[in-house]
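# Understanding the architecture of this molecule
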Amino acid sequence: MIVENGPGAGRPERYGWGPSGRRLAEQGRWDELLERFRLARALGDPLSGPLGHLLAYGAPAALAARLFDPDGGPGAPATAADHDAGPLWEVLATRHPRAVLDALPLPPPIRRLAVHTRALLGEDPGADLDPVGVPYRLQPWEEGGWERDTRVREYLPGGGARRALHLAPPTREGLAVLELPNPGSRLTGIPATAALAALADWTTAVCVRGRAADAAAQLAGGPEVTGGRLPFAALYPALVHLASARPDRGTAQGRLAVWQLLTAMDGAATPSRPRTEALVARLHCLAWTEPADDLRHLHLALEDPATGLAWALSGTTPEPV
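Bear in mind the structure is a predicted one, so any value in this text is a computation, not a measurement. (Residues numbered from 1 in each chain as written. Predicted model: local features only at pLDDT ≥ 70, side-chain atom pairs only at ≥ 80, totals over all residues. Heavy atoms only, no water.)

## Some words on the overall build of the protein
As a reminder, the rule being used: Secondary structure counts use DSSP, requiring at least four H or I residues in a row for a helix and at least two E residues in a row for a strand, with both numbered from the N terminus. The reference for a compact globule is 2.2 Å times residues^0.38; the radius of gyration itself is calculated from the C-alpha atoms. For every residue, the accessible area obtained with a 1.4 Å probe (protein chains only) is divided by the maximum for its type, and the residue is called buried under 20%, exposed over 50%, and partly exposed between those limits. Residue burial considers only the protein chains on display, and all accessible areas are found by Shrake-Rupley using a 1.4 Å probe. Within this scheme the basic residues Lys and Arg register as positive and the acidic residues Asp and Glu register as negative, but His and the chain ends are omitted. Note that the charge is assigned to NZ on lysines, CZ on arginines, CG on aspartates and CD on glutamates.
Check the secondary structure of the protein and you find 13 helices and 9 strands. Against the 2.2 N^0.38 benchmark of 20 Å for 321 residues, the protein shows a C-alpha radius of gyration of 21 Å, consistent with a compact globule. For the protein, the proportion of its 321 residues judged to be buried stands at 53%. Carbon together with sulfur atoms contributes 53% to the accessible area of the protein, which is approximately 13,700 Å² in total. Distance from the positive charge centre (32 side chains) to the negative charge centre (36 side chains) of the protein: 3 Å.

Listed below in C-alpha cells is the structure:
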C-alpha cells in the first residue's frame, strides 16, 4: 500500500485546518466546519481540501452532502475535482452505502460517480446503465484482477489515504525473454491513441498497424524484453489505477476512462456493453518489464485482430502520482 498525504499535511493553520479543524470534527461541530470549508473554497485556498476531507469522512451524510450544495454562495460548493489525498466525493462514497447516498441531494455528476464507487466496493448496483451507457455493475473481466479492498483508496479520518499499487505486468512470474521485431511506422490521428495517452502524463502511447509485438517494439528499450502474453483482465486494474492516480481523480473516473478507451478502440461513438465485451474477448495483450523500472511502471501492448491495429503504452516514474 502507498500512503498518500493530502495538501494539508505539514501546512500552517488557516481557516480551521490543523488542530482547530480537527477539534471541530472531534466535537461534532460540523456546521462550523462547513462554514470554514466554504470560506476557504470561495477564496480559492487549497486548504479547503483537508477541511472537506474531515467533513466528507466524519460528518453525518446529510451534512456532508452540503459540501456540494450551492446554497453556500458563489465559489463555495465543492466540485468533482476538489480533493485532499483523493476527491471529496469519493471520500463520501466510501463512508455510506448507496441507500443512504441515494437519499442525498447530490448533483447528478457526483451521484453518478458515487454509484460507480459503491459498485467498485462490491455493492450490487443493479442492472442500470449510467447516463453515458456504462454499466454500473462491474463486468466479469473487471473483477478478477484485483481484490475489492484494493480498488478504491482507503481514506484516513484526519486526512490522507492508503492506496494499493497495481502494475502492468502485475508480476514477473511467467515472463520470458521475447525478441521484438524492428519498429515500423506509427499511425497518427487515431482517437484511441489519444484516449490511451490521456490516462496519465508520465506514459507514452503509440499505435501501429500490426501485432502487439510490433507496438511494443516502438516503446521497448531494446530488441529483447522480458515479457509475456496476459489476458486483458490481468492488465485492467493497472489501467484503472493509472487513470485515477492523481488526487483529484477517483477510481470511478479511472474506470470510466478505460471504458472510453475501449469504446474508442472499437470505433464506436458511445459505450456498448456487448461490443465492449466482444472487444475484450478478442484482444491480444502483451506486457513487459524494463531494467530501469522503479516503483511505478507500466508497459503493455493491446492488439485488436479485427482491425489489425495495435497500441502500446509505456512509462516509469520514481515519483508518487
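What follows continues from the structure just given.
## Some details on empty space enclosed by the protein
For the record, the criterion: In this analysis the probe radius is 1.4 Å and the grid spacing 1 Å, with only protein atoms considered; a cavity is a set of points the probe fits into but cannot get out of, a pocket is an open set with protein on both sides within 12 Å along at least five of seven lines, and lining residues have an atom within 4 Å of a point. Grid points are joined across faces, edges and corners, and a volume is the space filled by probe spheres set on the points.
Following the criterion strictly, the structure yields 1 cavity of 30 Å³ or more and no others. Estimates place the volume of the largest cavity at around 70 Å³. Forming the boundary of the largest cavity are 12 residues, of which His 166, Trp 202, His 241, Leu 242 and Arg 296 lie nearest the centre. Contributing elements (two or more residues each) for the lining of the largest cavity: α11 (232-243) and β8 (296-304).

## Some thoughts on the environment of Arg 162
When you line up the elements, Arg 162 lands in strand β3 (residues 161-163). For the pair formed by Arg 162 and Ala 85, sequence separation is 77 residues and the distance between their alpha carbons is 8.9 Å.

## Regarding the packing of helix α2 (residues 30-42) against helix α3 (residues 48-58)
For any two helices packed against each other, the geometry is given by the interaxial angle and the distance between the axes. Stated formally: Axis definition: a line fitted to C-alpha atoms, limited for helices to the stretch in contact. Angles are taken between N-to-C directions and run from 0 to 180 degrees. An angle below 35 degrees is read as roughly parallel, one above 145 as roughly antiparallel, one from 65 to 115 as roughly perpendicular, and any other as oblique. Left-handed describes a crossing in which the near helix is turned anticlockwise from the far one by less than a right angle; the clockwise case is right-handed. We call two residues contacting when some pair of their heavy atoms lies within 4.5 Å. Each residue is assigned to one class: nonpolar for Ala, Val, Leu, Ile, Met, Phe, Trp, Tyr, Cys and Pro, charged for Asp, Glu, Lys and Arg, and polar for all the others, Gly among them.
Where α2 contacts α3, the two axes come as close as 9 Å, and the packing angle between them is 150°. Our classification of the angle between α2 and α3 gives roughly antiparallel. Between α2 and α3 lies a crossing whose hand is left-handed. For the pair formed by α2 and α3, the contact residues are Trp 30, Leu 33, Leu 34, Arg 36, Phe 37, Ala 40 and Arg 41 on the first element and Ser 48, Leu 51, Gly 52, Leu 54, Leu 55 and Gly 58 on the second. Counted by class, the contact of α2 with α3 contains 8 nonpolar, 3 polar and 2 charged residues.

## Describing the nonpolar core
Where we set the bar: Buried Ala, Val, Leu, Ile, Met, Phe, Trp, Tyr and Cys residues that are joined via side-chain atoms within 4.5 Å together make up what is termed a nonpolar core.
Judged by nonpolar contacts, the single largest core of 77 residues is most densely connected at Leu 55, Phe 68, Leu 199, Phe 232, Leu 262, Met 265 and Leu 313. Once residues lying within four places of it in the same chain are set aside, the contact partners of Leu 313 are Leu 196, Leu 199, Thr 203, Thr 204, Ala 205, Leu 219, Leu 239, Leu 242, Trp 288, Leu 298, His 299 and Leu 300.

## Overview of the packing of α3 against helix α5 (residues 88-95)
Contact pair α3 / α5: the axes reach a minimum separation of 8 Å and the direction vectors enclose 15°. One finds that α3 runs roughly parallel with respect to α5. The handedness of the crossing between α3 and α5 comes out as right-handed. Mapping the contact onto sequence places Gly 49, Gly 52, His 53, Ala 56 and Tyr 57 in α3 and Leu 88, Val 91, Leu 92 and Arg 95 in α5. Looking at the contact of α3 with α5, its residues break down into 5 nonpolar, 3 polar and 1 charged.

## A short note on the sheet that holds strand β4 (residues 176-179)
What counts here: A pair of strands counts as paired when DSSP detects no fewer than two bridges linking them.
The strand order across the open sheet built from 6 strands is β4-β6-β7-β8-β9-β5, with neighbouring strands paired in antiparallel fashion. Since the sheet does not close on itself, it has two edges, and those belong to β4 and β5 (204-209), each with one partner. Averaged over all pairs of adjacent strands, the angle between strand axes in this sheet comes to 30°, irrespective of strand direction. Pairing of β8 with strand β9 (residues 309-317) involves 9 bridges; the strand directions are antiparallel. Paired with Arg 296 across the strands is Thr 317, a residue of β9. Strands in contact with α11 are β6 (224-230), β7 (284-289), β8 and β9; relative to β8, the strand with the most contacts, it is inclined by about 125°.

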